[in-house]
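Listed below are the residues making up each chain.
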Amino acid sequence: AQSVSQHNHHVILSEAASLELGCNYSYGGTVNLFWYVQYPGQHLQLLLKYFSGDPLVKGIKGFEAEFIKSKFSFNLRKPSVQWSDTAEYFCAVNVGNTDKLIFGTGTRLQVFP
Amino acid sequence: DTEVTQTPKHLVMGMTNKKSLKCEQHMGHRAMYWYKQKAKKPPELMFVYSYEKLSINESVPSRFSPECPNSSLLNLHLHALQPEDSALYLCASSQVGTKYGYTFGSGTRLTVV
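Now for a look at the structure at hand. (Residues numbered from 1 in each chain as written. Chains lettered and ligands numbered in written order. Predicted model: local features only at pLDDT ≥ 70, side-chain atom pairs only at ≥ 80, totals over all residues. Heavy atoms only, no water.)

1. Points about the pattern of salt bridges
Stated precisely, the cut-off is as follows: Salt bridge, as used here, is a side-chain nitrogen of Lys or Arg placed within 4 Å of a carboxyl oxygen of Asp or Glu. Three exposure classes are used, based on accessible area relative to the maximum for each residue type with a 1.4 Å probe and protein chains only: buried under 20%, partly exposed in between, and exposed over 50%.
By the definition in use, this model includes seven salt bridges over all chains. Between Glu64 of chain A and Lys58 of chain A there is a salt bridge, and its shortest N-O distance comes to 2.9 Å. Judged by relative accessible area, Lys58 of chain A falls into the exposed class, the value being 64%. Across the pair Glu58 of chain B and Lys100 of chain A runs a salt bridge, and its minimum N-O distance is 3.1 Å.

Written out as structure tokens, the structure is:
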């Protein structure tokens, strides 16, 4: 069965530190990849997505992610985090031509001033 | 503001009650979804509607009954729920083919007593 792994369950950083959150998926075929963010008490928002083309994808709020097909990975990065980036981050994968989006377990990011 | 509207925002119901959750979008999306999210867990897919037809049911108990009366509306009818069904219920929509990403609503916080 397809699965999505986020190995960093809880990340604590100071403002201006660099961020990288890992995401790995298990599926050998065509995939579409997403990162969502959920701020405390708010709905899920799409940060960025990849489905073809340049494997380095830029999203909102200064986030980017790199798709490395050989590693089945889609890691999220930000060069300098802010306190307002404190949130839960979910990687998600859509496989093939299905309408099914599978979420990873999420990473809780806390940024301290 | 989210473009997927869910009502009510909060719902408390007894185990013998019948209630409905509502979801509405006017983005012209023809795929709509119900997800269940427990605290500190990722969203779990329940149902997928594509062109107003149920296309995926993730083995959800029959006490949850989805309905898609038209391309803008999605309902989730609830009957004889259990306390463990208490969760945040999220509605989402997308163009058919999830490579475009979902737009999520803010959810209905359901408590079963």
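Having seen the structure, we can now continue with the description.
2. Observations concerning the sheet that holds strand β1 (residues 4–7) of chain B
All names here are of chain B. Selection criterion: At least two DSSP bridges between two strands are required for those strands to pair. Secondary structure counts use DSSP, requiring at least four H or I residues in a row for a helix and at least two E residues in a row for a strand, with both numbered from the N terminus. Axis lines are fitted through C-alpha atoms, for helices just across the contact stretch, and the angle between N-to-C directions can take any value from 0 to 180 degrees.
An order of β1-β3-β8-β7 is seen for the four strands of this open sheet, with the pairing classed as antiparallel. Edge positions in the sheet fall to β1 and β7 (64–70), since each has one partner strand and no second. Between one strand axis and the next, the sheet turns by 20° as a mean value, whatever way the strands run. Two elements, β1 and strand β3 (residues 18–25), share four bridges in a ladder whose sense is antiparallel. Across the sheet, residue Thr7 finds its bridge partner in β3, namely Lys22.

3. Observations concerning the interface of chain B and chain A
Put simply, the test is: What makes two residues a contact is simply this: any of their non-hydrogen atoms within 4.5 Å. Values labelled buried area give the accessible surface lost by two parts on being combined, using a 1.4 Å probe and summing over both. Here a polar contact is taken to be a pair of N or O atoms separated by no more than 3.5 Å, where protein atoms must pair a possible hydrogen donor with a possible acceptor and residues adjacent in sequence count only if both atoms sit in side chains. For this classification, the nonpolar set comprises Ala, Val, Leu, Ile, Met, Phe, Trp, Tyr, Cys and Pro, the charged set comprises Asp, Glu, Lys and Arg, and every other residue, Gly included, is treated as polar.
Listed per partner, the contact involves 25 residues of chain B and 18 residues of chain A. Here chain B packs against chain A, burying approximately 1,700 Å² in sum over the two surfaces, 57% of which is carbon and sulfur. The tally of links between chain B and chain A comes to one salt bridge. Summed over the shared surface of chain B and chain A, the result is five residue pairs in polar contact (both at pLDDT 80 or more). Those elements giving two or more residues to the side of chain B that touches chain A turn out to be β4 (31–37), β5 (44–50), β6 (53–57) and β9 (87–94) of chain B. Of the residues assigned to the side of chain B that touches chain A, the class counts are 13 nonpolar, nine polar and three charged.

4. Quick notes on the side chain of Gln37 of chain B
Along the chain, the position of Gln37 of chain B falls in strand β4. Its relative accessible area of 6% is what places Gln37 of chain B among the buried residues. At a separation of 3.1 Å, a polar atom in the side chain of Gln37 of chain B contacts the side chain of Gln38 of chain A. Filtering out sequence-adjacent residues up to four positions away, Gln37 of chain B remains in contact with Gln38 and Phe90 of chain A together with Pro42, Pro43, Ala87, Leu88 and Leu90 of chain B.

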